[in-house]
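Structure assessment
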Amino acid sequence: FAEALATYPIKPDSPVEAQWGSGMQEGDDLILRVEIAPASKRGDLIARIEIADDYEPQQRVRASFMTNYPQLETFRLEIARLMNNEIGEAVLTGS
């Protein structure tokens, strides 16, 4: 997922996306979904997320926010540091 975040430009028909869960990762099996897609021709991006409670998967939230390529790159680098146990979290900020 972190490697895919380096994609530039992200194409409207090929957003960067990842999801985690169990089984088919659909419906109540889906626990976390992240999608980054173009939002404008000026380089704005939209981040769409879906998060479910691991124990009560019908309890879930869906949200979206605007971001951009520099913030996406910072997030990508933070994911690499997180995977190396250098930091405790990776945060994608909005614009």
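Conventions and cut-offs
Residues numbered from 1 in each chain as written. Predicted model: local features only at pLDDT ≥ 70, side-chain atom pairs only at ≥ 80, totals over all residues. Heavy atoms only, no water. Salt bridge = Lys/Arg side-chain N within 4 Å of Asp/Glu carboxyl O. Buried < 20%, exposed > 50% of the residue type's maximum accessible area, 1.4 Å probe, protein only. Helix = DSSP H or I, 4+ residues; strand = E, 2+ residues; numbered from the N terminus.

A few points about the pattern of salt bridges
Taken as a whole, this structure holds eight salt bridges when the rule is applied. When the shortest N-O distance is used, the salt bridge between Arg42 and Asp44 registers 2.9 Å. The exposure class of Arg42 is exposed, given its relative accessible area of 73%. In this structure, Glu86 engages Arg81 in a salt bridge whose closest nitrogen and oxygen atoms are separated by 3.3 Å.

A look at unusual backbone geometry
Glycine aside, residues mostly have negative phi angles, and peptide bonds mostly take the trans form. In this model, Tyr8 is joined to Pro9 through a cis peptide bond whose omega is -10°. Tracing the chain through its elements places Pro9 in the segment before strand 1 (16-21). Unusually for a residue other than glycine, Asn85 sits at a positive phi of about 60°. As for its placement among the helices and strands, Asn85 is situated in the segment after helix 1 (69-83).

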